[in-house]
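The lines below spell out each chain.
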Amino acid sequence: MMRTQPLKVALLGCGVVGSEVARIMTTHATDLAQRIGAPVELAGVAVRRAGRERPGIDPALFTTDAAALVARDDIDVVVEVIGGIEPARTLILSAMENGASVVSANKALLAEDGATLHAAAAKHGVDLYYEASVAGAIPLLRPLRESLAGDKVNRVLGIVNGTTNFILDRMDSTGAGFAEALDEATQLGYAEADPTADIEGFDAAAKAAILAGLAFHTRVTAADVYREGITEVTAADVASAQTMDCVVKLLAICERGADGTSVSARVHPAMIPRSHPLASVREAYNAVFVESEAAGSLMFYGPGAGGAPTASAVLGDLVAVCRNKLSGTTGPGESAYANLEVRPVGQAVTRYHLNLDVADKPGVLAQVAAVFAKHDVSIDTVRQQGRDGDATLVIVTHSATDAALSATVAELRGLDIVRDIAGIMRVEGE
């Protein structure tokens, strides 16, 4: 039987995502009520400036006093889409203290201090859902947290930032340089006015922390994630990848260690073969592979950002949380029982692609190969091109640790035959 008394929702933030959440709650009100078992009512919207016109939303709902809104004793669910660490953390904790469940899209806060939020949710007997914090509309976190709860996840690998994927895709398809591709992304609205969080990998690192925590039942913060952005990726790097029938992607990689007692999480550009499914992820789309023991390899693909896609994930969480409210239960909380060690990137094992500018004379290749051998980094392929007394060595290694490769590169830089190391990039997907 449908309950007639509505569940009241407070919305924190009314930007691109928040306005879409409010719109869908209004236009799909009847369907949402049927799916939940009770009407949902937007009881208030916290904004920074109440005077701005926001079509389709009752102006009487707007308030600049977010603290008072979340402290109301009639609020059942708080939806937080303002982002950042503060005041979001304080507002979420206050909401929970007052008995409200929380739906959040705040990847930065969850990656930095998710443990505090989970602890507060458990203490006050409320829900904390955050599907929209990673990969936009793609249903990814709930499968990790619930559908695969009986399986053992060994690896999560994927593209989780649409801005960087658009830029790298343009560099690959048009031959554009980084700056030119970034300008196009900005003009089309894929990149923010300040794109630092995206292009330097901070956004992807926060998402990797959340994914690793859910996949491995271990607390992983953004500070635990090794991070490289794409600002140093050049048109020459992309061209080198093309000669190997590869593309360059910014990847988030979360892995369980072979010893079974540790995990690692890293974000960096990498070359992947064009035959790999991730190579065909174009424009601003996201895709994530989850590799587990029983289920095998699963791929999740779709729009990773944008107002409507992200709002879709928020509303999915809202329905689940409201259903829990009606039944007097809560969904799964934090699962960090495994408490695995988070390994530093120096222990991560991968392949590498290097471009070395060297003197073009006999014995150079032997000297370079000796340095690789000294540090136990075996060479898979070498291609040499000579020009005007200098030469370029393009070397692809077999798998090696980051620490071993770093030691190799440091020694190579000290050789007088090495003019420059023009490019170093990891190779994944083989």
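Residues numbered from 1 in each chain as written. Predicted model: local features only at pLDDT ≥ 70, side-chain atom pairs only at ≥ 80, totals over all residues. Heavy atoms only, no water.

## Concerning the nonpolar core
Val78, Leu140, Ile167, Leu211 and Val290 are the most contacted members of the largest nonpolar core, which has 77 residues in total. Residue contributions to this core peak at eleven residues, all from helix α10 (residues 202-216). By size, the runner-up hydrophobic cluster in this structure holds 35 residues, among which are Ile24, Val45, Val47 and Leu61. (Core = buried A, V, L, I, M, F, W, Y, C linked by side-chain atoms within 4.5 Å. Buried < 20%, exposed > 50% of the residue type's maximum accessible area, 1.4 Å probe, protein only. Helix = DSSP H or I, 4+ residues; strand = E, 2+ residues; numbered from the N terminus.)

## So, the environment of Lys249
One can find Lys249 in strand β9 (residues 246-256). Accessibility expressed as a relative area gives 2% for Lys249, which makes it buried. Taking the C-alpha atoms as reference points, Lys249 and Arg343, separated by 94 residues in sequence, lie 23 Å from one another. Those residues in contact with Lys249 that lie beyond four places of it in its chain are Ile159, Asn165, Leu168, His268, Pro269, Ala270, Ile272, Leu278, Ala279 and Val281. A polar side-chain atom of Lys249 sits 3.2 Å from a polar atom in the side chain of Asn165. (Contact = heavy atoms within 4.5 Å. Polar contact = N/O pair within 3.5 Å; in protein donor to acceptor, adjacent residues only side chain to side chain.)

## Observations concerning helix α11 (residues 235-243)
For α11, every residue scored as buried is listed here: Asp237, Val238, Ser240 and Ala241. All buried residues of α11 project into a common sector of 155 degrees when viewed along the axis, lining one side. Considering only its buried residues, α11 is in contact with α7 (162-174), β9, β10 (262-273), β14 (349-359) and β18 (418-427). (Arc of directions from axis to C-beta.)

## Looking at the side chain of Ser240
Within the secondary structure, Ser240 is located in helix α11. Classification of Ser240 as buried rests on a relative accessible area of 10%. Contacts of Ser240, omitting those with residues within four sequence positions, involve Met271, His353 and Asn355.

## As for the packing of aromatic side chains
Each aromatic ring pair is specified by the distance between its two centres and by the angle formed by the two planes. Using the criterion set out here, one finds two aromatic pairs in the structure. Plain terms: the ring middles of Phe166 and Tyr190 are 4.6 Å apart, the flat faces sit at 35 degrees to each other, and that makes the pair tilted. Note that Phe166 is positioned in helix α7 and Tyr190 in the loop between α8 (178-187) and α9 (196-199), a separation of 24 residues in sequence. Residue classification places Phe166 among the buried residues on the basis of a relative accessible area of 0%. Sitting over the face of the ring of Phe62, Arg54 holds its NZ or CZ atom 5.0 Å from the ring centroid. Against the face of Tyr129 rests Arg145, its NZ or CZ located 4.6 Å from the ring centre. (Phe/Tyr/Trp six-rings, centres within 6.5 Å; stacked < 30°, edge-to-face > 60°. Lys NZ or Arg CZ within 6 Å of the ring centre and 35° of its normal.)

## With respect to unusual backbone geometry
Cis geometry marks the peptide bond from Glu86 to Pro87; its omega dihedral reads 10 degrees. Turning to its location among the elements, Pro87 is positioned in the loop between β4 (77-80) and α4 (88-97). The residue Glu283 is not glycine, and still its phi comes out positive at about 55 degrees. Within the secondary structure, Glu283 sits in the loop between β10 and β11 (285-292). Its identity as a non-glycine residue notwithstanding, Asp376 has a phi of 60 degrees, on the positive side. Relative to the helices and strands, Asp376 resides in the loop between α13 (364-374) and β15 (379-387).

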